[in-house]
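Close look at the chain arrangement
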Amino acid sequence: MNILVLADHDRGTPKKIAHQLLTAARGLADGEVHALLMGADAGAHAEQLGAYGAATAHVWDDSDAEDYATEPQTAALVAAVQASGAQVVLYPGDPLLSDVVARAAVRLEAGVVTDVTDVERDGDALVATKPIFGGDMLSRCQVEPGRPQMLGVKANAFAEEEVGGSPADVVPLEVTVDDAARRARVVEVVEEQSSGRPEMTEAPIVVAGGRGLGEAEGFALVEQLADALGGAVGASRAATDAGWYPHQHQIGQTGKTISPQLYLGVGISGAIQHRAGMQTSQTIVAVNKDPEAPIFSIADLGVVGDLKQVVPALVEEVEKRKG
Amino acid sequence: MRIICPVKRVPDTAAEKRIAEDRTVDRDGSEPVLNANDEWAIEEAMRVKEAGKADEVIALCMGPEQAQQTIRKALSYGLDGAIQVSDEGCAGSDAPATARVLAAALREEDWDLVLMGNQSSDARTMLVPAMLAEYLDVPALTYAKRLEVGDGEVTVDRETPSGHQTVTAPMPSVVSVVEAINEPRYPSFKGIMAAKKKPLTVKDLAGVGVGADQVGAQGAWTQVLDISPKPPREAGEQVTDDGSGAVGAQAIADFLVRQKLL
Ligand SMILES: Cc1cc2nc3c(=O)[nH]c(=O)nc-3n(C[C@H](O)[C@H](O)[C@H](O)COP(=O)(O)OP(=O)(O)OC[C@H]3O[C@@H](n4cnc5c(N)ncnc54)[C@H](O)[C@@H]3O)c2cc1C
Ligand SMILES: Nc1ncnc2c1ncn2[C@@H]1O[C@H](COP(=O)(O)O)[C@@H](O)[C@H]1O
């Protein structure tokens with residue numbers, strides 16, 4: 001069984017999730033592990049993926065990947081599945097890449113399982129475990145035997161592990177992009193905040209703020225704590241609705257689902273719709289002045305106190321202990 | 001110009017969920033609701049219509065007879081009518097099977113824009129919009145937080161982790177929206193009353209030309225082996241700060257060190 005990993009990267013530097021997925025693939029494949037890198041500078045460091053077990057890195061560095069939405073990348077993913085002979089694709093649950101997988105799955109008649117947190121091999125089938133209903137239950141599923149299998153793996157579900165393999169064989173991928181694939185044209189890319197912080201859905205640590213911050217400026221506290229811990233910033237809907245922080249940082253039922261190693265929530269009550277996006281976090285810490293706040297019922301550590309006192313003191317304490 | 005909004009009936013997140021014998025969600029155990037993300041799509045469609053850029057807005061739902069309650073809720077926002085695909089064969093559909101049924105229903109209609117939520121709160125696959133577009137062979141502009149309908153084309157600001165991309169495509173197109181796009185109105189009393197009389201066309205699978213082997217558990221490309229409750233998380237330690245922040249900060253820093261997070 002060959003496995004293809006859709007290796008997300010930032011201008012050629014593979015993201016953590018790419019390393020995590022390659023590590024997972026190595027544990028499952030009895031054939032070769034391949035990687036696909038698409039977009040600007042995709043090949044810049046592709047050979048380094050060998051250290052995580054990729055035998056071959058298929059690189060498609062073409063402006064079509066940047067200038068048009070989804071469909072050229074769909075053609076590239078289909079081409080890479082064919083070139084690698086993979087029966088399995090592991091991909092990160094990133095929204096934009098999920099679109100690419102969705103279209104490719106229809107073309108390849110492949111089954112897709114999303115939000116996977118664990119995978120076991122059962123002969124040629126992969127049995128995937130995924131949390132459902134906001135983490136209240138676990139479901140084990142598999143793709144119908146005989147079909148290509150595409151598994152969307154959650155960030156941090158697998159720890160990255162180097163094997164010290166030889167550099168990956170970097171091969172340019174041949175992709176035919178027809179005109180129809182260029183229907184959705186990207187006319188502008190706007191970076192609203194270039195914070196240098198990790199992405200919320202990928203970060204091992206997420207510090208989230210809610211209505212208890214009192215005002216937009218309150219997020220400065222959250223950012224300071226996130227920066228001290230090297231984490232990302234998240235928000236409750238009350239905070240994004242109020243315009244205190246951009247919507248893409250919203251955690252919960254109508255926002256994003258995260259499962260970092262540490263979720264640290266401040267001034268968030270822990271409504272069920274919020275918990276639906278974070279209760280699969282590995283550890284949960286909450287700061288709230290109300291001892292009855294529902295977030296405390298799922299927190300590994302709850303601090304009853306005023307965030308305006310606790311957060312600055314914690315930033316100082318973290319800096320001190322980091323030395 | 002005609003807009004169609006796919007809407008899903010989902011269990012209320014706040015309610016208890018049960019798993020039925022056939023490993024599907026028991027939707028009868030709780031009062032189901034209209035998927036929240038679809039409300040933003042409906043609101044956006046109504047705004048396009050109110051701006052004089054659309055003639056008609058129609059809801060489309062694949063769901064059992066009881067889903068008509070949800071459809072009427074969607075209609076109460078002022079939509080012009082609805083189409084329901086209702087057939088026992090639909091039960092157990094996965095994302096591609098759902099997209100096949102919705103695509104088949106759309107092929108029977110005139111439309112320029114499909115406007116839908118980016119995710120359903122129960123399945124949460126985020127796959128249906130792009131799969132639907134693939135089956136219909138049209139572009140998908142997903143995760144829109146701003147929408148503009150022009151002459152024969154549609155432009156959206158597509159949310160990315162650090163900002164957005166502005167993407168434009170000719171119609172017909174599929175657009176999925178995120179919460180940031182608007183603030184949905186509350187249905188008016190007049191809207192709720194009018195919804196009862198709006199035309200609702202109910203079709204079965206044969207009516208949209210989909211074979212039984214293409215949908216439901218039989219047509220699904222994925223199989224659920226089992227579902228088990230996750231042991232509920234338990235409350236851990238609770239520490240009360242002394243008012244200065246020092247006690248709370250110490251407790252958290254100690255905890256992070258113990259967890260090897262610091
Ligand atoms: C259909 C639907 C979908 C939804 N989707 C989402 C979603 O995706 N994400 C989401 O988050 N919510 C969602 N919600 C909203 C959710 O129900 C809650 O309203 C929301 O999560 C509350 O946000 P909050 O915890 O920041 O605010 P609140 O519930 O108001 O809590 C604020 C907390 O801050 C504490 N506090 C105040 N001041 C201080 C201080 N100085 N120090 C310490 N603590 C303080 C208070 O004790 C309180 O517990 C949804 C709701 C619905 C109906
Ligand atoms: N049974 C259904 N009937 C109509 N629309 C649906 C159905 N299932 C999903 N959708 C649409 O697909 C969107 C994304 O759902 P999902 O891919 O399940 O997260 C929803 O917001 C709905 O607009």
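Since the structure is predicted, the reported quantities are computational estimates derived from the model, not experimental observations.

Counting residues at the interface gives 80 residues for chain B and 94 residues for chain A. Roughly 7500 Å² is buried in total at the junction of chain B and chain A, and carbon and sulfur atoms are behind 56% of that figure. Among the residues chain B hides against chain A, the three largest losses belong to B:R124, B:W221 and B:R233. Together they make up 11% of the total. Where chain B packs against chain A, one counts ten salt bridges. Between A:R237 and B:E179 there is a salt bridge, with its nearest N and O atoms 2.9 Å apart. Across the chain B-chain A interface, the total number found is 50 residue pairs in polar contact (both at pLDDT 80 or more). When residues of the side of chain B that touches chain A are traced back to their parent elements, those giving at least two are α1 (36-50), α4 (128-136), β9 (140-149), β10 (153-160), β11 (163-170), β14 (222-229), β15 (237-240) and α8 (246-258) of chain B.

Below, the discussion takes up the domain arrangement of chain B. As far as domains go, chain B holds domain 1 (2-219) and domain 2 (237-262). Placing a centre on the C-alpha atoms of domain 1 of chain B and another on those of domain 2 of chain B gives a separation of 46 Å.

Our focus in this paragraph is the sheet that holds strand β13 (residues 185-191) of chain A. Here we have ten strands laid out as an open sheet, ordered β13(A)-β11(B)-β10(B)-β9(B)-β12(B)-β8(B)-β1(B)-β6(B)-β7(B)-β13(B), and mixed in their pairing. If you trace the sheet from one side to the other, it starts and ends with β13 of chain A together with β13 (200-203) of chain B, each paired once. Here the average twist between neighbouring strands, direction ignored, is 30°. Here strand β7 (residues 81-85) of chain B pairs with β13(B) via four bridges, running parallel. Looking at the pairing, B:I83 lines up with B:T201 of β13(B). Each of β1 (2-6), β6 (56-62), β8 (113-117), β9 and β12 (173-177) of chain B touches α1(B); the most contacted strand, β8(B), lies at about 145° to it. Docked against the sheet, α4(B) engages β1, β8, β9 and β12 of chain B, running at close to 160° with respect to β8(B).

Take the site of ligand 1 next. Looking at ligand 1, there are 25 residues lining it, with A:R211, A:S236, A:I251, A:S269 and A:N288 nearest. Lying at an intersection of chains, ligand 1 is approached by residues of chains A and B. Within the backbone of A:Q253, one N or O atom sits 3.1 Å away from an oxygen atom of ligand 1. In this structure, A:K289 approaches ligand 1 through a main-chain N or O atom, which is 3.1 Å from a nitrogen atom. Protein chains shield 79% of the accessible area of ligand 1, which is 990 Å² for the free molecule. Counting residues per element, the ones that place at least two in the shell around ligand 1 are α6 (237-241) and α7 (272-275) of chain A. Considered class by class, the residues forming the shell around ligand 1 number six nonpolar, 14 polar and five charged.

Residue and element names in this part refer to chain A. In terms of residue burial, strand β4 (residues 33-38) counts as a mostly covered element, since six of its six residues are buried. Side-chain alternation along β4 places V33, A35 and L37 on one buried face and H34, L36 and M38 on a second face that is also buried. Examined bridge by bridge, strand β1 (residues 3-6) and β4 share four bridges and lie parallel to one another. Bridging from a neighbouring strand, V5 pairs with A35 of β4.

Once that is clear, we can look at the site of ligand 2. All names here are of chain B. Close to ligand 2 lie 22 residues; V7, D38, M62, S120 and T125 are nearest. Here an oxygen atom of ligand 2 sits 3.0 Å away from a polar atom, N or O, in the main chain of P6. Interatomic distance of 2.7 Å between a side-chain N/O atom of S120 and an oxygen atom of ligand 2. Computed on the free molecule, ligand 2 has an accessible area of 490 Å², of which 98% lies beneath the protein chains in the complex. Among the secondary structure elements, those contributing two or more residues to the shell around ligand 2 are β6, α3 (95-107), β8 and α4. The residue makeup of the shell around ligand 2, split by class, is twelve nonpolar, seven polar and three charged.

Residue and element names in this part refer to chain A. Here chain A is described as being made up of domain 1 (3-182) and domain 2 (205-322). Computed from C-alpha coordinates alone, the two centres of domain 1 and domain 2 are separated by 31 Å. The interface is formed by nine residues belonging to domain 1 together with nine residues belonging to domain 2. Summed over both sides, the interface between domain 1 and domain 2 buries roughly 570 Å², with carbon and sulfur atoms accounting for 44% of that surface. Among the residues of domain 1 in contact with domain 2, G134, K154 and N156 are the three that bury the most area, contributing 66% of the side total. One can count zero salt bridges joining domain 1 with domain 2. Counting the contacts that link domain 1 with domain 2 gives one residue pair in polar contact (both at pLDDT 80 or more). Residue classes in the side of domain 1 that touches domain 2 are distributed as four nonpolar, three polar and two charged.

Parameters and conventions
- Residues numbered from 1 in each chain as written.
- Chains lettered and ligands numbered in written order.
- Predicted model: local features only at pLDDT ≥ 70, side-chain atom pairs only at ≥ 80, totals over all residues.
- Heavy atoms only, no water.
- Contact = heavy atoms within 4.5 Å.
- Buried area = accessible area lost by both parts, 1.4 Å probe.
- Salt bridge = Lys/Arg side-chain N within 4 Å of Asp/Glu carboxyl O.
- Polar contact = N/O pair within 3.5 Å; in protein donor to acceptor, adjacent residues only side chain to side chain.
- Helix = DSSP H or I, 4+ residues; strand = E, 2+ residues; numbered from the N terminus.
- Domains from an automatic or database assignment.
- Pairing = 2+ DSSP bridges.
- Axes fitted to C-alpha atoms, helices over the stretch in contact; angles between N-to-C directions.
- Near = heavy atom within 4 Å.
- Areas by Shrake-Rupley, 256 points an atom, 1.4 Å probe, with all protein chains shown as cover.
- Nonpolar A, V, L, I, M, F, W, Y, C, P; charged D, E, K, R; others polar.
- Buried < 20%, exposed > 50% of the residue type's maximum accessible area, 1.4 Å probe, protein only.

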